[in-house]
Every structure is written in structure tokens, then in C-alpha cells.
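# Topology and contacts: notes
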Amino acid sequence: MDYQHRFAIVVLTIVGTFVSISASAHAILVDSTPKANGSVSAGHASLVLKYNSKIDQGRSRLVLVGPDHKETPLPITASADRPNEIDSAADLSPGAYVIHWQALALDGHITRGDLAFTVSAKP
Ligand SMILES: [Cu+2]
């Protein structure tokens, strides 16, 4: 076996290990309301973050960053019938927002991310 073949096998082994670890159970955001970089009308909005695996809703966190850069922790609504979701709601006025989310999957691993969206004035 020449050097290039051996190198390729080592790389494939490393990639394979990484893929199998990340496929185990970490919570990955797969869908949301509002959508990433999407838009909603001003007013009372439900916020839904949907993951690929079950979430410990009691120990996950959502922080809403408003157009004035003020950070507000959001209350999470526990919903046993939707174990893959983190649900909340907020009264929103027009502007650009970001939700910093922190999700605890049932395997004990925490993942984090940002969900940016825009709130437009009521038509
Ligand atoms: Cu995990």
C-alpha cells in the first residue's frame, strides 16, 4: 500500500468516527417558527424551535435579543406531546430580533445557536 492510500484510509476513518458521534443524539435545530431569517407580523407571536431529538425542556434556554439589543429570557412552555420542541411566545414590536437558544438533549449534550428573524408592522 502506498502512502496516498494509507492517508486516504486514515482520513476516512476519522471522518467516519466524527459522523457517527454527531449522529448519536445531539439536538440539531431542524425547523422553527418563525423560520430562520424569516418574518412575522407585530403582536403576540408563538415561537417554536423544532429539533431532531428529544429535548429536556425544563433545562433548555431561550433568550430574545430585541432591536434595542436588550436581552430577555423567554419562558419555555413544557409540552409532553411535543418532546422535540422548545415552545414559547412573546409580544413583539417591529424590528430585527435574534433568539439565542440552548438546547439540552436527553443524552446530556448541550447545543447552542442563533435564530434571526424580522418583525414587520401589522398590515
Ligand atoms: Cu449528544
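This text gives an overview of the structure that appears in the document. (Residues numbered from 1 in each chain as written. Predicted model: local features only at pLDDT ≥ 70, side-chain atom pairs only at ≥ 80, totals over all residues. Heavy atoms only, no water.)

Nonpolar side chains in soluble globular proteins tend to be buried together. Counting 22 residues, the largest nonpolar core has Tyr51, Leu64, Leu92, Ile99, Trp101 and Phe117 as its most contacted members. If you list the elements that add at least two residues to this core, you get strand 3 (43-51), strand 4 (61-65), strand 6 (85-92), strand 7 (95-104) and strand 8 (110-120). The residues contacting leucine 92, other than those within four sequence positions of it, are Val40, Ala42, Gly43, Ala45, Leu64, Tyr97, Phe117 and Val119. (Core = buried A, V, L, I, M, F, W, Y, C linked by side-chain atoms within 4.5 Å. Buried < 20%, exposed > 50% of the residue type's maximum accessible area, 1.4 Å probe, protein only. Helix = DSSP H or I, 4+ residues; strand = E, 2+ residues; numbered from the N terminus. Contact = heavy atoms within 4.5 Å.)

All right, on to the coordination of the copper ion then. Note on metal geometry: ideal angles are 109.5 degrees for four donors arranged tetrahedrally and 90 or 180 degrees for six donors arranged octahedrally. Here the copper ion is held by His26 (ND1), Asp107 (OD) and His109 (ND1), and the distances to it run 1.9 to 2.5 Å. We note that the donor set of the copper ion lies within a single chain, spaced as H-x80-D-x1-H. With histidine 26 in the loop between helix 1 (3-22) and strand 1 (29-33) and aspartate 107 in the loop between strand 7 and strand 8, this residue pair connects regions lying 81 residues apart in the sequence. Its relative accessible area of 21% is what places histidine 26 among the partly exposed residues. (Donors = N, O, S within 2.8 Å, 3.2 Å for Na, K, Ca; no water.)

What follows is about unusual backbone geometry. Here the residue pair threonine 33 and proline 34 is connected by a cis peptide bond, since its omega of -5 degrees sits within 30 degrees of zero. Its identity as a non-glycine residue notwithstanding, asparagine 37 has a phi of 60 degrees, on the positive side. By secondary structure assignment, the location of asparagine 37 is in the loop between strand 1 and strand 2 (38-41). Judged by relative accessible area, asparagine 37 falls into the exposed class, the value being 67%. Of note, the phi angle at histidine 69 is positive, near 65 degrees, even though the residue is not glycine. Here histidine 69 lies in the loop between strand 4 and strand 5 (71-73). The exposure class of histidine 69 is exposed, given its relative accessible area of 65%.

Turning our eyes to something else, we now look at the environment of aspartate 107. The partly exposed category is assigned to aspartate 107, whose relative accessible area is 32%. Distance from aspartate 107 to serine 53, taken between C-alpha atoms, is 9.6 Å for residues 54 residues apart in sequence. At a separation of 2.9 Å, a polar atom in the side chain of aspartate 107 contacts the side chain of histidine 109. (Polar contact = N/O pair within 3.5 Å; in protein donor to acceptor, adjacent residues only side chain to side chain.)

Relative to the helices and strands, glutamate 85 is located in strand 6. Its relative accessible area of 9% is what places glutamate 85 among the buried residues. Leave out the neighbours within four places in its chain, and glutamate 85 touches Val48, Leu49, Lys50, Ile55 and Gln57.

Okay, the sheet that holds strand 5 next. Read from one edge of the open sheet, 5 strands run 2-8-7-4-5, paired in mixed fashion. With partners counted over all chains shown, the strands left at the sheet margins are strand 2 and strand 5, one partner each. With strand direction ignored, the average angle separating the axes of adjacent strands in the sheet is 30 degrees. Pairing geometry for strand 7 and strand 8, over 10 bridges, is antiparallel. Its bridge partner being in strand 8, leucine 104 is matched across the sheet by isoleucine 110. (Pairing = 2+ DSSP bridges. Axes fitted to C-alpha atoms, helices over the stretch in contact; angles between N-to-C directions.)

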